[in-house]
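A look at the structure
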Amino acid sequence: GKCQGVACGAAQAQVQFDGLANEEDQRLMLLGARRAAEIARATGSSMGSADKGMSEVEQFSSDAEALEYLRRECRHVGHAVGTCAMGASDTSVVDGELKVRGIEGLRIADASVMPTLISADPHGTVVAIAHTAADLMKGKRGMYYRNQYGLPPVPETQEAGLRS
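Residue positions within a chain follow its written sequence, with the count starting from 1. This being a predicted model, a pLDDT of at least 70 is required before a residue's local features are given, and a value of 80 or more before pairs of side-chain atoms are given or counted; all residues contribute to the totals for chains, interfaces and linings. Each side-chain value is worked out from all heavy atoms of the structure, with water and hydrogens disregarded.

Looking only at helices and strands, the chain has 5 helices and 2 strands in total. Numbering goes from the N terminus for both helices and strands, where a helix is a DSSP run of H or I of at least four residues and a strand is a run of E of at least two. Along the chain, helices and strands appear, N-terminal first, in the series β-β-α-α-α-α-α. Here the term buried applies to any residue with accessible area under 20% of the maximum for its type, exposed to any over 50%, and partly exposed to those in between, with areas from a 1.4 Å probe on protein chains only. Split into buried and exposed, the 164 residues of the chain put 20% on the buried side. Counting only contacts in the chain whose residues sit at least 6 apart along the sequence, the fraction spanning at least 24 positions is 36%. Taken as a whole, the chain presents about 11800 Å² of accessible surface, with 54% of it coming from carbon and sulfur. Two residues qualify as a contact provided that any one of their heavy atoms is within 4.5 Å of a heavy atom in the partner residue. Only the protein chains shown count as covering a residue, and every accessible area follows the Shrake-Rupley method with a 1.4 Å probe.

Next comes the structure, spelled out in structure tokens:
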């Protein structure tokens, strides 16, 4: 995917998922759709509303036609986690204060900052991330701020005491 409109000062960023823009994604989507239809047919099981779509993919005479169908009919479901993963390294999209590296004034406060999907529904975690973002924007670093070792900062008075 890509994000447009931020660097040029637009009021709102436009996020384009482009889920089938890459050849490997296209290959895997076609393979997955065809395999799902094959399994459903072989086992006599139903995929619910996906039945029609999976069987449709098998009826196209070319991969290009099948991909065009998938682009038109597929929808994102699930949680977009890790697409803007937060971390301490320079390769992480978002830093520990939810700021997008390299773009002044932009923070991200949703499931995309979580490096990996948690084992439960992420709603509560996303709410906590949003509350943290609100506190950070108000200048409240407190319990959220951690140094590179994952420890809270030492108050200046303690640092001064250690030096003497």
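Side chains that are nonpolar tend, in soluble globular proteins, to be buried together. Nonpolar core, defined: a set of buried Ala, Val, Leu, Ile, Met, Phe, Trp, Tyr and Cys residues in which side-chain atoms within 4.5 Å join the residues together. Counting residues in hydrophobic clusters, the biggest one holds 12 residues: Val81, Cys84, Val94, Leu98, Val100, Ile108, Ala111, Val113, Met114, Ile129, Ala133 and Leu136. Once residues within four sequence positions are removed from consideration, Ile129 is found in contact with Leu98, Ala109, Asp110, Val113 and Met114. Within the second largest apolar cluster, 8 residues are counted, among which are Leu20, Leu30, Ala33 and Tyr69.

Over its 21 residues, helix 1 (residues 23-43) runs 30 Å from end to end, which matches the ideal 30 Å to within 8%, given 1.5 Å per residue. Counted as a polar contact is a pair of N or O atoms within 3.5 Å, where, for protein atoms, one must be capable of donating a hydrogen and the other of accepting one, and residues adjacent in sequence contribute only when both atoms are in side chains. Regarding helix 1, its N-cap is Asn22, as a side-chain oxygen of that residue lies 2.6 Å from the backbone nitrogen of Glu24 further along. Of the residues one or two after helix 1, Gly44 is the one with positive phi, at around 70°. A helix is expected to span 1.5 Å for every residue after the first.

Another point: the packing of helix 1 against helix 3 (residues 63-73). Angles run from 0 to 180 degrees between N-to-C directions of axes, and those axes are lines fitted to C-alpha atoms, restricted for helices to the stretch in contact. Their axes nearest at 11 Å, the elements helix 1 and helix 3 cross at an angle of 85°. By the angle class used here, helix 1 and helix 3 are roughly perpendicular. Between helix 1, through Gln26, Met29, Leu30 and Arg34, and helix 3, the contact on the second element is made entirely by Asp63, Ala66, Leu67, Leu70 and Arg71. Across the contact of helix 1 with helix 3, the residue classes break down as 5 nonpolar, 1 polar and 3 charged. Orientation labels follow simple angle bins: below 35 degrees gives roughly parallel, above 145 gives roughly antiparallel, 65 to 115 gives roughly perpendicular, and whatever is left gives oblique. Residues are grouped as follows: Ala, Val, Leu, Ile, Met, Phe, Trp, Tyr, Cys and Pro are nonpolar; Asp, Glu, Lys and Arg are charged; every other residue, Gly included, is polar.

Any carboxyl oxygen of Asp or Glu within 4 Å of a side-chain nitrogen of Lys or Arg constitutes a salt bridge here. If you walk through the whole model with that rule in mind, you get 5 salt bridges. Taking the shortest distance from any N to any O, the salt bridge between Arg35 and Glu38 comes out at 2.5 Å. Linking Arg35 with Glu38, this pair stays in helix 1, spanning 3 residues, or about one helical turn. Residue classification places Glu38 among the partly exposed positions, given a relative accessible area of 38%. Note that Glu97 and Lys99 form a salt bridge whose closest N and O atoms lie 3.4 Å from each other.

Quick look at the environment of Arg107 now. Structurally, Arg107 can be placed in the loop between helix 3 and helix 4 (123-137). The class for Arg107 is partly exposed, based on a relative accessible area of 24%. Separated by 12 residues in sequence, Arg107 and Asp95 place their C-alpha atoms 9.2 Å apart. Beyond its immediate sequence surroundings of up to four residues, Arg107 is in contact with Glu97, Leu98, Lys99, Leu136 and Met137. There is a polar contact of 2.6 Å between the side chain of Arg107 and the backbone oxygen of Glu97.

The next thing to look at is helix 3. Within the sequence span of helix 3, burial applies to Ala66, Leu67, Tyr69 and Leu70. In a view along the axis of helix 3, the buried residues occupy a sector of 160°, so they form one face of it. The arc refers to the directions leading from the helix axis to the C-beta atoms.

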